[in-house]
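Summary of the model geometry
One letter stands for each residue in the lines below.
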Amino acid sequence: MNGSITRPGLFAEDGGAYLDEHGPKTAIVTWAGHAFDVCQPQTWCETFDLNDISMGLSNICRYQGQVEFYSVAEHALRVATLLQERGHDRMTQLLGLHHDDTEAYLGDIPSPQKGLLTIWGMPFRDFEGYLERQHLWPWLEIDYTDERWGFVKEADWDIYLEERAQRPKPRTPGSNRAMVPQVAQANWLGRHDRLK
């Protein structure tokens, strides 16, 4: 048994239905039933799915769960909102919304540990960059530029500082609680649709 889910996802049409105890140990089965194999980049674009990304991000708690539940999806929404407030164009906002999408497939690894890990002999951060810049963002038709990325990382840092000040209970602006996963997912998908 490879530890992956052995049944198709709710929207499965292909991959997940065929990933069983004999399937690749480097693959996960996604919500939509796709087999995402971290060691098979030639298959990645076939397995990317916006519903999988939104589901994953809305169910992953930031800060290794050492806070009251606060999702990566809500964090991404806050980054996109701050970019909008700062007057950045829609593509920069879209990049901000999708800046943590790899975590839907690789998990949210805290920065101190991320610096210690490697995949394929490359630092984990470099692998994440390869996945997003060469595969995921082109699939999403995001026009990446270093300038846009600089604006996103600046907003990401400023949101992190807000979240850190709110710990252990990061919250939705205007509320005393964070979004539940279903609300974060719906808002994240809605923002994606508006920005596209």
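Residues numbered from 1 in each chain as written. Predicted model: local features only at pLDDT ≥ 70, side-chain atom pairs only at ≥ 80, totals over all residues. Heavy atoms only, no water.

Closest axis-to-axis distance for the helix 5 (residues 90–97)/helix 9 (residues 146–166) pair is 9 Å, and the angle between their directions is 55°. Comparing their axes, helix 9 and helix 5 come out oblique. The crossing of helix 5 and helix 9 is right-handed. In this structure, helix 5 contributes Met91, Thr92, Leu95 and Gly96 to the contact, and helix 9 contributes Arg148, Trp149, Phe151 and Val152. (Axes fitted to C-alpha atoms, helices over the stretch in contact; angles between N-to-C directions. Helix = DSSP H or I, 4+ residues; strand = E, 2+ residues; numbered from the N terminus. Parallel < 35°, antiparallel > 145°, perpendicular 65-115°, else oblique. Left-handed = near helix turned anticlockwise from the far one by under 90°. Contact = heavy atoms within 4.5 Å.)

What follows deals with the nonpolar core. Within the largest apolar cluster, 40 residues are counted, with the highest numbers of intra-cluster contacts made by Phe36, Phe48, Ile53, Leu57, Leu97 and Trp188. Listed by contribution, the elements that provide at least two residues to this core are helix 3 (50–59), helix 4 (72–85), helix 5, helix 6 (103–106), helix 8 (124–139), helix 9 and helix 10 (181–195). With eight residues, the single largest contributor to this core is helix 4. Once you skip the residues sitting within four places of it in the chain, Leu57 turns out to touch Ser71, Val72, Ala73, Asp100, Asp101, Glu103, Ala104 and Trp188. (Core = buried A, V, L, I, M, F, W, Y, C linked by side-chain atoms within 4.5 Å. Buried < 20%, exposed > 50% of the residue type's maximum accessible area, 1.4 Å probe, protein only.)

This next bit is on the layout of surface pockets. If you add up the space inside the largest pocket, you get close to 700 Å³. Contributing to the lining of the largest pocket are 25 residues, with Asp100, Ser111, Lys114, Lys153 and Asp156 lying nearest its centre. Secondary-structure elements contributing two or more residues to the lining of the largest pocket are helix 7 (111–114), helix 8 and helix 9. Here the lining of the largest pocket is composed, by residue class, of seven nonpolar, six polar and 12 charged. (1 Å grid on protein atoms, 1.4 Å probe; cavity = no way out; pocket = protein on both sides within 12 Å on 5 of 7 lines; lining within 4 Å. Points joined across faces, edges and corners; volume = space filled by probe spheres on them. Nonpolar A, V, L, I, M, F, W, Y, C, P; charged D, E, K, R; others polar.)

This model, assessed by the stated rule, comprises 11 salt bridges. A salt bridge links Glu68 to Lys169, with the nearest nitrogen and oxygen atoms 3.9 Å apart. Highlighted residues: Glu68 in the loop between helix 3 and helix 4 and Lys169 in the loop between helix 9 and helix 10, separated in sequence by 101 residues. Residue class for Lys169 comes out partly exposed when judged on its relative accessible area of 44%. Among the ionic pairs, Arg86 bridges to Asp158, the shortest N-O distance being 2.5 Å. In this pair, Arg86 sits in the loop between helix 4 and helix 5 while Asp158 sits in helix 9, placing the two residues 72 residues apart along the sequence. Taking the relative accessible area as the measure of exposure, Asp158 reaches 24% and is therefore partly exposed. Within the structure, one salt-bridge network assembled from shared partners comprises Glu68, Lys169 and Arg177. (Salt bridge = Lys/Arg side-chain N within 4 Å of Asp/Glu carboxyl O.)

Let's shift gears to unusual backbone geometry. The omega torsion across Arg167 and Pro168 is 10°, close enough to zero to call that bond cis. Within the secondary structure layout, Pro168 lies in the loop between helix 9 and helix 10. The phi dihedral of Glu141 falls on the positive side, at around 60°, and the residue is not glycine. By the element assignment, Glu141 lies in the loop between helix 8 and helix 9.

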